[in-house]
Amino acid sequence: MNSLECVWVAVNIRLLITSELLVGCTDCISVLPAEPQVQIGTHTFTYDYVYGSSALSSSSVYNDCVAPLVDALFHGYNATVLAYGQF
Ligand SMILES: *[C@@H]1O[C@H](CO)[C@@H](O)[C@H](O)[C@H]1NC(C)=O
């Protein structure tokens, strides 16, 4: 993570849930190998981190994105974590 950046954006791609699978939904997001990028149709989006699907394990979201901010809080910095989206 680039500590000089003030805003980091991470995306977590969750697995399809049963009700989605039952109605025939399929994954529409592909993760570009070794890049924090996702592709949806012909559009490519770049983030600081991409989790889930074939990207990094989503269990590392806290360690990568939040723990450094908690540590910084105890060194006098302010930080905000905004988590948004369906789960
Ligand atoms: C953190 O926020 C407080 C309250 O707004 C402010 O007084 C303080 O200067 C901020 N600290 C830093 C390091 O920006």
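Rules of the game
Residues numbered from 1 in each chain as written. Predicted model: local features only at pLDDT ≥ 70, side-chain atom pairs only at ≥ 80, totals over all residues. Heavy atoms only, no water. Helix = DSSP H or I, 4+ residues; strand = E, 2+ residues; numbered from the N terminus. Buried < 20%, exposed > 50% of the residue type's maximum accessible area, 1.4 Å probe, protein only. Pairing = 2+ DSSP bridges. Salt bridge = Lys/Arg side-chain N within 4 Å of Asp/Glu carboxyl O. Phe/Tyr/Trp six-rings, centres within 6.5 Å; stacked < 30°, edge-to-face > 60°. 1 Å grid on protein atoms, 1.4 Å probe; cavity = no way out; pocket = protein on both sides within 12 Å on 5 of 7 lines; lining within 4 Å. Points joined across faces, edges and corners; volume = space filled by probe spheres on them. Nonpolar A, V, L, I, M, F, W, Y, C, P; charged D, E, K, R; others polar.

Peer 1: Whenever I open this one, the environment of V23 confuses me. Can you help?
Peer 2: Examined against the element boundaries, V23 turns out to sit in the loop between α1 (18–22) and β2 (29–31). For the pair V23 and V81, spaced 58 residues apart in sequence, the C-alpha separation works out to 34 Å.

Peer 1: Sorry, what's going on with unusual backbone geometry here?
Peer 2: Note: most residues except glycine have negative phi, and most peptide bonds are trans. Its identity as a non-glycine residue notwithstanding, A34 has a phi of 60°, on the positive side. Inspection of the secondary structure puts A34 in the loop between β2 and β3 (37–40). Looking at A34, the relative accessible area reads 83%, which means it is exposed.

Peer 1: Is there a simple way to explain the pairing of strand β4 (residues 43–46) in this structure?
Peer 2: It is a general feature of regular strands that their side chains alternate between the two faces of the sheet. Of the strand pairs in this sheet, β3 and β4 are connected by four bridges, and their pairing is antiparallel. Counted as the bridge partner of V38 is F45 from β4.

Peer 1: Please explain the pattern of salt bridges as it appears in this structure.
Peer 2: Opposite charge on two side chains makes pairing possible when the charged atoms of those side chains draw close. By the definition in use, this model includes one salt bridge. In this structure, R14 engages E20 in a salt bridge whose closest nitrogen and oxygen atoms are separated by 3.0 Å.

Peer 1: Help me understand the packing of aromatic side chains, please; the structure alone is not making it clear to me.
Peer 2: We describe a pair of aromatic rings using the distance from one ring centre to the other and the angle between the two ring planes. One pass over the full model with this rule turns up one aromatic pair. With 5.7 Å between their ring centres and 20° between their planes, Y49 and Y51 make a pair best called stacked. Grouping residues by exposure puts Y49 and Y51 together as buried.

Peer 1: Would you mind showing me how to read the layout of surface pockets here?
Peer 2: A water-sized probe, rolled over the atoms, reveals where empty space remains. In this structure, the largest pocket encloses a volume near 1,300 Å³. Lining the largest pocket are 35 residues, and of these A10, V11, L82, A83 and Y84 lie nearest its centre. Elements represented by at least two residues in the lining of the largest pocket include exactly β1 (10–13) and α2 (61–73). Counting residues per element, the lining of the largest pocket draws most heavily on α2, which supplies six residues. Here the lining of the largest pocket is composed, by residue class, of 24 nonpolar, seven polar and four charged.

By themselves these figures say nothing about function.
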